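Commentary on secondary and tertiary structure
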Amino acid sequence: MEDRELIQLANTGDPDAFEALYYRYRDWIYRLAWRFTGNQQDALDVLQETFVYLLGKFPGFELTASMTTFLYPAVKHISTAIRAKRGRFTSDNGVLDELTAPTLEGQTDRNRSELATALTILPGEQREILLMRFVDDMSLQEIAAALNTPIGTVKSRLHRALHTLRYDRRTRDYFLE
Amino acid sequence: MTERMEQFDEDLDPGEYSKLSADLRALFKTLRSVPPEVDRAVYDRIHRHFAGVKSSQGKYRRFRWAALWKVAAAAAVVIFAFSLDLTKRSERVTQRPALAEIQAADIDLNGRVDILDAFTLARQIEKTGHVESRWDMNGDGLVDRRDVDTVALAAVRLDKGVL
């Protein structure tokens, strides 16, 4: 069932329809929240807060774009609020620092670590768009709408991010056929 | 080996960068899944919310019906009162002096009934306190302010020109 159909049902007071939306976007939100907060417990809190926020929109919720476009700014805002409240990371560089550290098993995955290090050299707005496109699987239009940014700006930031990674010795292999 | 070039006029397909895309996804993959307690907490919250919505919708429906009944009753009262008022108005219209009756209202005998006749009659009543009984326009046996009103009413009638 499409998101819009589920939303329509939830607007009529069907909790199962909302539950279906929860299970559809739960992991996406959780992953995104973890990226923003760098902390599993905070990410779980963001997940719950985001669904409480979404729940408050029912009945009467109208989806004008895709769900990810609607949810992305909400998750980002809630994550920032929770992070500020708890005095944790001031930027998502913290997540990348954590990723570049050795894994729990005491081994460092070289590729993983180098990719994470390469990402830290990207300006925040370029990295954000790169991750939205490649990790969150959002289209350029969805990214532009979620960030309230012109699509031309989104394209140019993505282009610059890829350009930087292409000429970085740690990531240039990704761009060779 | 050749370098891959991006084409930014159209949306970029992450599939073309499958290795980069896969590694980025792996990099940001959460280590643990969402614990069942969180699912249960959200589940409870969802059901509480929708139960509340249904309850408030029921209250709203009951309130709406009560409000509708009140509005309907008020409308009925207003319509009834309005119809009574209309009846009174139509009575008042019929009480207005007929043309034949007010021909005598030409007090100054200039051939037409106008506001000056009302002024003349009023002045006459005020000055002497006694005027001819033929100026008893409303036929109540007295020549007073009410007769002045009758003359004034005749003067401002739209069809006064026929006099």
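Because the structure is a prediction, the values reported are computed rather than measured.

1. Re the overall build of chain A
The secondary structure content of chain A amounts to nine helices and zero strands. Reading the secondary structure of chain A in the N-to-C direction produces α-α-α-α-α-α-α-α-α. Evaluated residue by residue, chain A yields a buried proportion of 40% over its 177 residues. Partitioning the contacts of chain A with sequence separation of at least 6, the portion at a separation of at least 24 is 64%.

2. Comments concerning helix 2 (residues 15-37) of chain A
Residue Tyr25(A) marks the point of greatest curvature in helix 2 of chain A, where the axis turns by about 45 degrees. Immediately downstream of helix 2 of chain A, the backbone of Gly38(A) shows phi near 70 degrees, a positive value.

3. Comments concerning the interface of chain B and chain A
Counting residues at the interface gives 34 residues for chain B, matched by 38 residues for chain A. Contributing elements (two or more residues each) for the side of chain B that touches chain A: helix 1 (18-27) and helix 2 (36-95) of chain B. For the side of chain B that touches chain A, the residue count by class is 18 nonpolar, six polar and 10 charged.

4. Notes on the confidence of the model for chain B
As a note on interpretation, predicted positions should not be read in detail where pLDDT is low. Residue and element names in this part refer to chain B. Model confidence for chain B is summarised by a mean pLDDT of 73, while 65% of its residues fall at 70 or above. Highest mean pLDDT in chain B belongs to helix 1 (86); lowest belongs to helix 3 (residues 99-102) (55). Overall fold confidence (pTM) sits at 0.61, and the ipTM for the predicted complex is 0.79.

5. Observations concerning helix 7 (residues 124-134) of chain A
Counting buried residues along helix 7 of chain A, eight of its 11 residues qualify, which places the element largely inside the surrounding structure. Those residues of helix 7 of chain A that fall on the buried side of the exposure criterion are Gln126(A), Glu128(A), Ile129(A), Leu130(A), Leu131(A), Met132(A), Arg133(A) and Phe134(A). Residues of helix 7 of chain A that are buried in the fold lie against helix 2, helix 8 (140-147) and helix 9 (151-166) of chain A together with helix 1 of chain B.

6. Section: the packing of helix 1 (residues 3-11) of chain A against helix 2 of chain A
All names here are of chain A. Between helix 1 and helix 2, the shortest axis-to-axis distance is 7 Å and the interhelical angle comes to 140 degrees. Once helix 1 is placed against helix 2, the crossing between them reads as left-handed. Every residue of helix 2 that contacts helix 1 at Asp3, Leu6, Leu9 and Ala10 is listed here: Ala17, Phe18, Ala20 and Leu21.

Reading the values: the criteria
Within each chain, residue numbers correspond to sequence positions counted from 1 in written order. Whichever chain is written first becomes A and whichever ligand is written first becomes 1, with later ones labelled in order. Whole-chain, interface and lining totals are the exception, using all residues; otherwise, since this is a predicted model, local features are given only for residues with pLDDT of at least 70 and side-chain atom pairs are given and counted only at 80 or more. Counting from the N terminus, the helices are the DSSP runs of H or I reaching at least four residues and the strands are the DSSP runs of E reaching at least two. Three classes are used. A residue is buried when 20 or more other C-beta atoms lie within 10 Å of its own, exposed when 12 or fewer do, and partly exposed in between, with C-beta atoms placed from the backbone. Any residue pair is listed as a contact if its two C-beta atoms, each placed from the backbone, are within 7 Å. The angle between axes fitted to the seven-residue stretch ending at a residue and the seven-residue stretch beginning at it gives the bend at that residue. Side-chain classes follow a simple rule in which Ala, Val, Leu, Ile, Met, Phe, Trp, Tyr, Cys and Pro form the nonpolar group, Asp, Glu, Lys and Arg form the charged group, and the remainder, Gly included, forms the polar group. Each residue carries a pLDDT score, the predictor's confidence in it, ranging from 0 to 100. Fitted lines through C-alpha atoms serve as axes, helices being fitted only where they are in contact, and the angles separating the N-to-C directions of these axes extend from 0 to 180 degrees. When the near helix sits turned anticlockwise from the far one by under a right angle, the crossing is termed left-handed; a clockwise turn instead gives a right-handed crossing.

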